[in-house]
Amino acid sequence: MKASFQTVDVFTDRQFGGNPVAVIPDARGLSDAQMQAIANEFNLAETTFVLPPADSANSARVRIFTPRAEMPFAGHPNIGTAFVLAHQDRVCGVPFDRGNMIFEEIAGLVRMAIDTVDGLVAGASLAAPQQFRIIRDFDVAIIAQACSLEPSDIEVRRHPPCLASCGAPFVIAEVRDRAALRRAQQRMDVFLSHLPRDEVTGIHLYVEEAEEGADFQSRMFAPLHGVFEDPATGSANVALIGLLAHLRPESSLRLKAAIGQGVDLGRPSLLRAVAEKVDGAVTGTFIGGGCKPVMSGWIDLQ
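Residues numbered from 1 in each chain as written. Predicted model: local features only at pLDDT ≥ 70, side-chain atom pairs only at ≥ 80, totals over all residues. Heavy atoms only, no water.

Participant: Which parts of the structure should I look at to understand the nonpolar core?
Facilitator: Generally speaking, soluble globular proteins have nonpolar side chains that are buried together. Counting residues in hydrophobic clusters, the biggest one holds 62 residues, and the most contacted among them are Ile79, Phe103 and Met112. No other element matches the eight residues that helix H6 (residues 234-247) contributes to this core. Dropping the residues within four chain positions of it, Met112 is found in contact with Asn78, Ile79, Ala82, Met101, Phe103, Ala124, Ser125 and Leu126. If you look at the next biggest cluster of nonpolar residues, it comprises 24 residues, including Ile143, Val171, Val200 and Val207. (Core = buried A, V, L, I, M, F, W, Y, C linked by side-chain atoms within 4.5 Å. Buried < 20%, exposed > 50% of the residue type's maximum accessible area, 1.4 Å probe, protein only. Helix = DSSP H or I, 4+ residues; strand = E, 2+ residues; numbered from the N terminus. Contact = heavy atoms within 4.5 Å.)

As structure tokens, then:
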């Protein structure tokens, strides 16, 4: 049995920037164990597997695996998968409407929109499958330890470190300056003792600082998922923009921000984030960016 694949760099306008994802555009016949093994073999933050939708009204069923576990929802894998499918105009051999692309995922339905430049597919954006929510606050000292920082490096004037989600839960913490963000390094022992994988996807740090066209800079650590640091995390940044909108005093607004990530990894990424707030509630969160194809080939399964 053979399975084709394509890798795509996501949230970038150039090859070898952004966050790479491997896409298996026809995963029919693969077992759960094979999908997990393939994701581990690629050893990227995520690998996606495309299957026919359970409901013909939707475009595809998309399963997302880190090297260690399946994810209910993730950002850059969806963007990269939409980019690949839009180029081939088919899902598992069946034509579909790329102007109405909907993915079935564990967290719910993910609505995609294709971005074009001069008529060519250049990237995509998504609407998060779940409404933004804050699950609980975390102790400053624990989050600081988990990122090899001092408690004073965590900025709490805007909000304490909190577990927030739009389909995948992340601890979101603001740091006091760009230098603190640059110093951060994950500590596996603290993640193992205080941040269980079934509760917390990872820690997403951010600072409000203009740099390379971005309004914010961020870093994300998820070592229990086999992702020691992610160059660009759509599912974390869509929760971040939701949190920022939630904290704003206006009852209703449409908040936009450009979020940089991966700069300190040498893979600069730029994510376009939007949150809509109506009558005090964050009703929708969106993330998007550019894509560049890199590699394609075949996996020989024995």
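Participant: Would you mind showing me how to read the pattern of salt bridges here?
Facilitator: Per the counting criterion, the structure on display carries 21 salt bridges. Through salt bridges that share partners, Asp153, Arg176, Asp177 and Arg183 make up one connected network. (Salt bridge = Lys/Arg side-chain N within 4 Å of Asp/Glu carboxyl O.)

Participant: I would appreciate a short explanation of the layout of surface pockets in the present structure.
Facilitator: It is a probe the size of a water molecule, rolled over the atoms, that shows where empty space is left. Here the largest pocket defines a volume of roughly 510 Å³. Considering the residues around the largest pocket, the lining is formed by 28 residues, among which Phe11, Thr12, Asp13, Arg14 and Gly290 are closest to the centre. If you list the elements that add at least two residues to the lining of the largest pocket, you get helix H2 (75-88), strand S9 (108-117), strand S10 (120-127), strand S16 (214-222), strand S19 (269-278) and strand S20 (281-300). No other element matches S20, which puts five residues into the lining of the largest pocket. (1 Å grid on protein atoms, 1.4 Å probe; cavity = no way out; pocket = protein on both sides within 12 Å on 5 of 7 lines; lining within 4 Å. Points joined across faces, edges and corners; volume = space filled by probe spheres on them.)

Participant: Explain H2 here, please?
Facilitator: In an α-helix there are 3.6 residues to a turn, and that puts residues three or four apart on one side. Between the first and last C-alpha of H2 there are 21 Å, a value that for 14 residues agrees with the 20 Å anticipated at 1.5 Å per step. Most of H2 is tucked away: 12 of the 14 residues are buried. Of the residues making up H2, those classed as buried are Gly75, His76, Pro77, Asn78, Ile79, Gly80, Thr81, Ala82, Phe83, Val84, Leu85 and Ala86. Remark: Asp89 follows H2 within two positions and exhibits a positive phi of approximately 60°. (Expected span 1.5 Å × (residues − 1).)

Participant: Where do I start with the packing of aromatic side chains in this structure?
Facilitator: The description of an aromatic ring pair rests on the distance of the ring centres and on the angle between the ring planes. Across all of its chains, the model carries three aromatic pairs by this definition. Summarising the aromatic geometry, the rings of Phe5 and Phe42 are spaced 5.2 Å apart at their centres and angled 65° between planes, so their arrangement reads as edge-to-face. With a gap of 37 residues between them, Phe5 in strand S1 (residues 2-10) and Phe42 in helix H1 (residues 32-42) connect regions that are remote in the sequence. In this arrangement the basic side chain of Arg136 is found over the ring face of Phe138, its NZ or CZ atom lying 3.9 Å from the centre. (Phe/Tyr/Trp six-rings, centres within 6.5 Å; stacked < 30°, edge-to-face > 60°. Lys NZ or Arg CZ within 6 Å of the ring centre and 35° of its normal.)

Participant: I'm lost on the side chain of Gln261 in this one. Help?
Facilitator: Tracing the backbone through its elements, the reader meets Gln261 in strand S18 (residues 253-261). Given the relative accessible area of 0%, Gln261 is considered buried. Within the local environment of Gln261, its side chain forms a polar contact with the side chain of Ser218, the two groups lying 3.5 Å apart. A distance of 2.9 Å separates a polar atom in the side chain of Gln261 from the backbone oxygen of Asp230. (Polar contact = N/O pair within 3.5 Å; in protein donor to acceptor, adjacent residues only side chain to side chain.)

Participant: What's the story with the state of the cysteines in this structure? I'm lost.
Facilitator: A covalent bond bridging the sulfur atoms of two cysteines is what the word disulfide describes. Following the criterion strictly, the structure yields zero disulfides and no others. Here Cys162 is not cross-linked by a disulfide; its sulfur's nearest cysteine counterpart is in Cys166, at 11 Å. We classify Cys162 as buried; its relative accessible area is 2%. (Disulfide = S-S within 2.5 Å.)

Participant: Got a minute to help me understand the pairing of S1 in this structure?
Facilitator: Where a strand is regular, its side chains alternate between the two sheet faces. The pairing of S1 with S20 spans nine bridges and is antiparallel. Along S20, the bridge assignment pairs Val10 with Cys291. Bridging between S1 and strand S2 (residues 19-24) involves five bridges; their strand directions are antiparallel. Considered in S2, the bridge of Asp9 is made with Pro20. (Pairing = 2+ DSSP bridges.)

Participant: So what exactly am I meant to see when it comes to unusual backbone geometry here?
Facilitator: Negative phi characterises most residues that are not glycine, and trans characterises most peptide bonds. With a phi angle near 60°, Asp89 is a residue other than glycine that sits in the positive phi range. For Asp89, the location among the structural elements is in the loop between H2 and strand S6 (90-91). Its identity as a non-glycine residue notwithstanding, Asp279 has a phi of 50°, on the positive side.

Participant: Would you mind going over the side chain of Gln217 with me for this structure?
Facilitator: One can find Gln217 in strand S16. The buried category is assigned to Gln217, whose relative accessible area is 2%. Polar side-chain contacts of Gln217 include one of 3.3 Å to the backbone oxygen of Glu211. Here Gln217 is in contact with Arg178, Leu181, Leu205, Tyr206, Val207, Glu209, Glu211, Gly260, Gln261 and Val263, once residues within four sequence places are set aside.

Remember, this is a structural readout, not a statement about activity or role.
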